[in-house]
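Okay, here's what each chain looks like letter by letter:
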Amino acid sequence: MKGLYTALVASAITGAFAAPSPVENGPITARANAAACATPVTLSGNPFTRSIYANKEYAKEVSSAAAAITDSALKAKATKVASVGTFLWIDTRARISVIEENLKDVPCDQLAAFVIYDLPGRDCAAKASNGELAVGDINVYKTEYIDPIVAIFKKYPNTAIALVIEPDSLPNLVTNIDEQACKDSASGYREGVAYALKSLNLPNIIMYIDAGHGGWLGWNDNLKPGAQELAKVYKNAGSPKQVRGISTNVAGWNQWDLSPGEFSKATDAQWNKCQNEKIYIETFGPLLKDAGMPGQAIIDTGRNGKSGLRKAWGDWCNVIGAGFGKRPTSSTGSSLADAFVWVKPGGESDGTSDTSATRYDSFCGKEDAFKPSPEAGQWNQAYFEQLLKNANPSF
Ligand code: BGC
């Protein structure tokens, strides 16, 4: 927990959410701050003035990864990754069992962060992350997934929590509705996301609905339909107070403010003015507001440390050469961006490269996809070491 003290000290000084600083050991006096809040937490405004809790699941993965590294300099760097606060994905009903363990020790100046990710017919336009619930299992989603999560969160009113809601789901309904699987999933996605938003609308929770990335809903023709799709679901949920906006670039590779943007020389670039995530959220946010939904954003910078790696903007699977990106911080330089966050736990795979696997997706066999790679969510030691070596800023 070395990084903890550093973060506490920095946030005390700046009042802002602090990225782990290069100084590894802060004064021990900061330890007094590490207790849980004594009274119920009510979140309003940017919740990332608190730093993200470094959850035990990622810390465990990273510690074993560090233990397996022989090069001592790289091992020391790997160890530091364990203290970065990241989102914890609740990607099955069984996974609900780790939530409590990752809520009970969260200090008052931090927030626990989770990804809600178990919709029926999950990942309808791809195969790698197809989930455990089939199209039509909406009641299972509500009663065996969302309700038990809500019950746990209700036991911890004194703990601040941030949630990313169902990555890729609503964006798929905007751009991939021609695919049969997305057509079949559409009503369950809309009902499921609305149910999640309504049920999880507790004072100590702030939610962000996933909005893909600039290379997805950022196309001129997708912007308005995208904003309308998200806002419709938000309004169907009763416009929950604790929804603050959107998450973007989740498990993605886009740069924050690179200009000209990474794909601005592509032949179709004229059709997309959102060539980096900053332009995307500053374009999409106001459209959300027009459509009746709040437009603040958090951006996943966990793996975007290096640019120029993808052959095509849509290449999403285990991109070769990637590095850890900017550490979580609320200093973004954009009033619409609440924070840079690490949503995808760097080192966990995006999808298997095993062509015989049921969830094999051809994107994970592309020239720019790292091989071999295990099933989505499984640890890939070689990929973790690559992220570490290419980290920008470095560890
Ligand atoms: C996988 C999930 C996993 C998450 C985080 C997704 O692509 O489908 O199972 O929890 O990534 O690694």
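Residues numbered from 1 in each chain as written. Predicted model: local features only at pLDDT ≥ 70, side-chain atom pairs only at ≥ 80, totals over all residues. Heavy atoms only, no water.

Details of the site of the ligand
- What surrounds the ligand is the set Trp 89, Asp 91, Tyr 117, Arg 122, Ser 129, Lys 344, Pro 345, Glu 348, Ala 376 and Gly 377.
- At a separation of 2.6 Å, an oxygen atom of the ligand approaches a polar side-chain atom of Ser 129.
- Between an oxygen atom of the ligand and a side-chain N or O atom of Lys 344, the distance comes to 2.9 Å.
- Contact with the protein chains hides 92% of the accessible area of the ligand, taken as 310 Å² for the molecule alone. (Near = heavy atom within 4 Å. Polar contact = N/O pair within 3.5 Å; in protein donor to acceptor, adjacent residues only side chain to side chain. Areas by Shrake-Rupley, 256 points an atom, 1.4 Å probe, with all protein chains shown as cover.)

Re the packing of helix H6 (residues 180–199) against helix H7 (residues 220–236)
- It is at 8 Å that the axes of H6 and H7 come closest, and there the two elements cross at 55°. Taken together, the axis directions place H6 and H7 in an arrangement best described as oblique. Considering the relative orientation of H6 and H7, their crossing is right-handed. From H6, Arg 190, Val 193, Ala 194 and Leu 197 reach across to H7, where they touch Glu 229, Lys 232, Val 233, Tyr 234 and Asn 236. (Axes fitted to C-alpha atoms, helices over the stretch in contact; angles between N-to-C directions. Helix = DSSP H or I, 4+ residues; strand = E, 2+ residues; numbered from the N terminus. Parallel < 35°, antiparallel > 145°, perpendicular 65-115°, else oblique. Left-handed = near helix turned anticlockwise from the far one by under 90°. Contact = heavy atoms within 4.5 Å.)

So, the state of the cysteines
- The full count for this structure, using the stated rule, is three disulfides.
- What pairs with Cys 37 in a disulfide is Cys 108, and their sulfur atoms sit 2.0 Å apart. Classification of the bridge connecting Cys 37 and Cys 108 rests on its S-S torsion, roughly 95°, and on that basis the disulfide is right-handed. Of this pair, Cys 37 sits in the loop between helix H1 (2–14) and strand S1 (51–52) while Cys 108 sits in the loop between strand S2 (88–90) and strand S3 (110–116), and the two are 71 residues apart along the sequence.
- Residue classification places Cys 37 among the buried positions, given a relative accessible area of 10%.
- Taking the relative accessible area as the measure of exposure, Cys 108 reaches 29% and is therefore partly exposed.
- Disulfide partner of Cys 317: Cys 364, at an S-S distance of 2.1 Å. Measuring handedness by torsion sign, the sulfur bridge of Cys 317 and Cys 364 sits at about 95° and is right-handed. A residue pair is termed long-range when its members are at least 10 positions apart, and Cys 317 in the loop between strand S7 (296–300) and strand S8 (337–341) and Cys 364 in the loop between S8 and helix H9 (381–389) qualify at 47 residues. In terms of burial, Cys 317 and Cys 364 fall into one category: buried.
- Along the protein chain, the cysteines that take part in disulfide bonds pair up as 1-2, 3-4, 5-6, counted in sequence order. (Disulfide = S-S within 2.5 Å. Buried < 20%, exposed > 50% of the residue type's maximum accessible area, 1.4 Å probe, protein only.)

Comments concerning the pattern of salt bridges
- Taken as a whole and assessed by the stated rule, the structure comprises 19 salt bridges.
- A salt bridge links Lys 344 to Asp 350, with the shortest nitrogen-to-oxygen separation between them at 3.5 Å. By the burial criterion, Lys 344 is buried, and Asp 350 matches it.
- Salt-bridge contacts for Glu 375 lead to Arg 359; the nearest nitrogen and oxygen are separated by 3.2 Å. On the criterion of sequence distance, the pair formed by Glu 375 in the loop between S8 and H9 and Arg 359 in the loop between S8 and H9 is long-range, its members being 16 residues apart.
- Classification of Glu 375 by relative accessible area gives partly exposed; the value is 27%.
- Sharing partners across several salt bridges, the network here consists of Lys 56, Glu 101, Lys 104 and Asp 105. (Salt bridge = Lys/Arg side-chain N within 4 Å of Asp/Glu carboxyl O.)

Focus on the UniProt feature "binding site: substrate" (unreviewed entry) in the protein chain
- Following the UniProt record, one finds the feature "binding site: substrate" (unreviewed entry) at Trp 89, Asp 91, His 213, Trp 216, Trp 316, Lys 344 and Glu 348. These annotated residues cover 260 residues of sequence, and their C-alpha atoms sit far apart, with the largest distance between any two at 22.7 Å.
- For His 213, the location among the structural elements is in the loop between strand S5 (205–210) and H7.
- Non-local contacts of His 213, meaning those with residues more than four positions away in its chain, are made with Gly 218, Asn 249, Asn 254, Glu 277, Tyr 280 and Trp 313.
- Looking at His 213, its side chain comes within polar contact range of the main-chain nitrogen of Gly 215, at 2.9 Å.
- Along the chain, Glu 348 falls in the loop between S8 and H9. (UniProt positions renumbered as here; feature names shortened; annotations may be inferred.)

Brief notes about the packing of aromatic side chains
- Taken as a whole and judged by the stated rule, the model has 16 aromatic pairs.
- Taken together, a centroid distance of 4.9 Å and an interplanar angle of 5° make the contact between Phe 324 and Trp 342 stacked. Within this pair, whereas Phe 324 is found in the loop between S7 and S8, its partner Trp 342 is found in the loop between S8 and H9, the two being separated by 18 residues in sequence.
- For Phe 324, a relative accessible area of 0% translates into the label buried.
- Each ring, one from Trp 342 and one from Phe 395, has its centre 6.3 Å from the other, and the planes form 80°; the classification is edge-to-face. With a gap of 53 residues between them, Trp 342 in the loop between S8 and H9 and Phe 395 in the segment after H9 connect regions that are remote in the sequence. By the burial criterion, Trp 342 is buried, and Phe 395 matches it.
- A cation over a ring is seen here: Arg 122 above Tyr 117, with NZ or CZ 4.2 Å from the ring centre. (Phe/Tyr/Trp six-rings, centres within 6.5 Å; stacked < 30°, edge-to-face > 60°. Lys NZ or Arg CZ within 6 Å of the ring centre and 35° of its normal.)

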